[in-house]
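So the chains spell out like this:
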Amino acid sequence: RCFVSNSLGAETISTATTQTSAKTISEDLTITSTGSINCSETAESQWANCIKIEDDSTGLTITNRGTLNDSTNDNDKDTIIRADDTDQSDLTIKNYGTIESTGNSTLFLTDMADGDGDGISAYVYNEGTIKATKKITIRFDNSDDFKIDNYGTITNTSTTGQTLYYRADSGLSGFILNNYAGGIISAPNSTGCSNDATHLGAINAQANVTGSTINNWGTITATCDTMRIGASATVNNYGTIKATGDPSYLSIETNGDNNTLNFYDGTLIVGTIDADD
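Let me sum up the structure you'll find in this document. No experiment lies behind these values; they were computed from the predicted model shown. (Residues numbered from 1 in each chain as written. Predicted model: local features only at pLDDT ≥ 70, side-chain atom pairs only at ≥ 80, totals over all residues. Heavy atoms only, no water.)

Scanning the model with the defined rule gives 1 disulfide in all. For C39, the disulfide goes to C50, at an S-S distance of 1.8 Å. Linking C39 and C50, the disulfide has an S-S dihedral of approximately 70° and is accordingly described as right-handed. In this pair, C39 is assigned in strand β6 (residues 36–39) and C50 in strand β7 (residues 49–53), connecting sequence segments 11 residues apart. When sorted by exposure, C39 lands in the same class as C50, which is buried. (Disulfide = S-S within 2.5 Å. Helix = DSSP H or I, 4+ residues; strand = E, 2+ residues; numbered from the N terminus. Buried < 20%, exposed > 50% of the residue type's maximum accessible area, 1.4 Å probe, protein only.)

Written out as structure tokens, the structure reads:
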């Protein structure tokens, strides 16, 4: 069950709910600490997106203090939160609870744009856990200037999964990632570490992603190569960046030109740093 709050343009869910089809929203959504949404795949209904942003719904905020998850399924297209057009831009996702996917992606945001002039096309704030047990935890495709502030855990527990994945066509700028003290971004079970096509790890920005900024006071770790950062990126590190599987695996790969790595007091780097090409 859910109830509509007294504020116009907002929905609040404070009890356990089950979705057997996609929930399309055009207003702000809050899940309280006693609330949850479970997306359950049934024989009659195979959902592709648990929560979908409606067209022409910019500037929405989704706040989760409870649980957003899906039932175990075999549908690789399933996604917990999806926005996929510029007219769904300026989305804010705030997580203080748990968001977990067993499908394609936990958060899948594509073709986002900065419509309100604040320099951010989509924003993810995390104090809880954002998790995937299969493919990708947070995926951004062809989106200018998205931002993540992480104080909690963002992880992918699959052996073939990736935690943060960013793909961009030429001409699009990169992302801002702040991983604060106590924050963890991890891919603890990644395997196939010599597979350049998937390049499993905690952060994977393709070479045509330019101008990203990664500030790390916490821990970024993966069994395989930990970070690929694209081109013209800046890494400011005060914490731990660690490839745990083997000393030959990469802690940081600068897979493009004109990158800057700044290591400050408190830095711990485990694994090779490689300026690819």
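Having put the structure on the table, let's press on.
In this structure, I37, I51, I138, F140, I148, I214 and M227 are the most contacted members of the largest nonpolar core, which totals 49 residues. Aside from chain neighbours lying at most four places away, what touches I51 is K23, I25, L29, I37, I62, L68, I80, I81 and R82. (Core = buried A, V, L, I, M, F, W, Y, C linked by side-chain atoms within 4.5 Å. Contact = heavy atoms within 4.5 Å.)

This part takes up the packing of aromatic side chains. One pass over the structure, following the stated rule, counts 10 aromatic pairs. Both rings, one in F140 and one in F146, keep their centres 3.4 Å apart while their planes meet at 0°; by these two values the pair is stacked. The pair F140 / F146 is uniform in exposure class, with both members buried. With 4.7 Å between their ring centres and 10° between their planes, Y238 and Y264 make a pair best called stacked. Of this pair, Y238 sits in the loop between β26 (234–237) and β27 (240–243) while Y264 sits in the loop between β29 (260–263) and β30 (268–270), and the two are 26 residues apart along the sequence. If you follow R82 out to its NZ or CZ, it ends over the ring of F108, 4.3 Å from the centre. (Phe/Tyr/Trp six-rings, centres within 6.5 Å; stacked < 30°, edge-to-face > 60°. Lys NZ or Arg CZ within 6 Å of the ring centre and 35° of its normal.)

Below, the discussion takes up the pairing of strand β9 (residues 67–70). Each regular strand carries side chains that alternate between the two faces of the sheet. Alternating positions in β9 separate cleanly, L68 and D70 being buried on one face and T67 and N69 remaining unburied on the opposite face. As defined by bridge partners, β6 adjoins β9 across 4 bridges and the pair is classed as parallel. Paired with S36 across the strands is T67, a residue of β9. In this sheet, strand β12 (residues 98–101) lies alongside β9 in parallel orientation, the contact comprising 3 bridges. Residue pairing in the sheet places N69 in a bridge with E100 of β12. (Pairing = 2+ DSSP bridges.)

The pairing of strand β23 (residues 213–216) with β26 spans 4 bridges and is classified as parallel. Each residue of the ladder has a partner; that of N215, found in β26, is N236. Here β26 runs beside β29; their pairing, made up of 4 bridges, is parallel. For N236, the partnering residue across the bridge sits in β29 and is N262.

The subject of this paragraph is the pattern of salt bridges. Applying the stated criterion across every chain yields a total of 7 salt bridges. Two residues, R82 and D84, come together in a salt bridge whose shortest N-O distance is 3.3 Å. For D84, a relative accessible area of 23% puts it in the partly exposed group. The network of salt bridges with common partners includes K52, R82 and D84. (Salt bridge = Lys/Arg side-chain N within 4 Å of Asp/Glu carboxyl O.)

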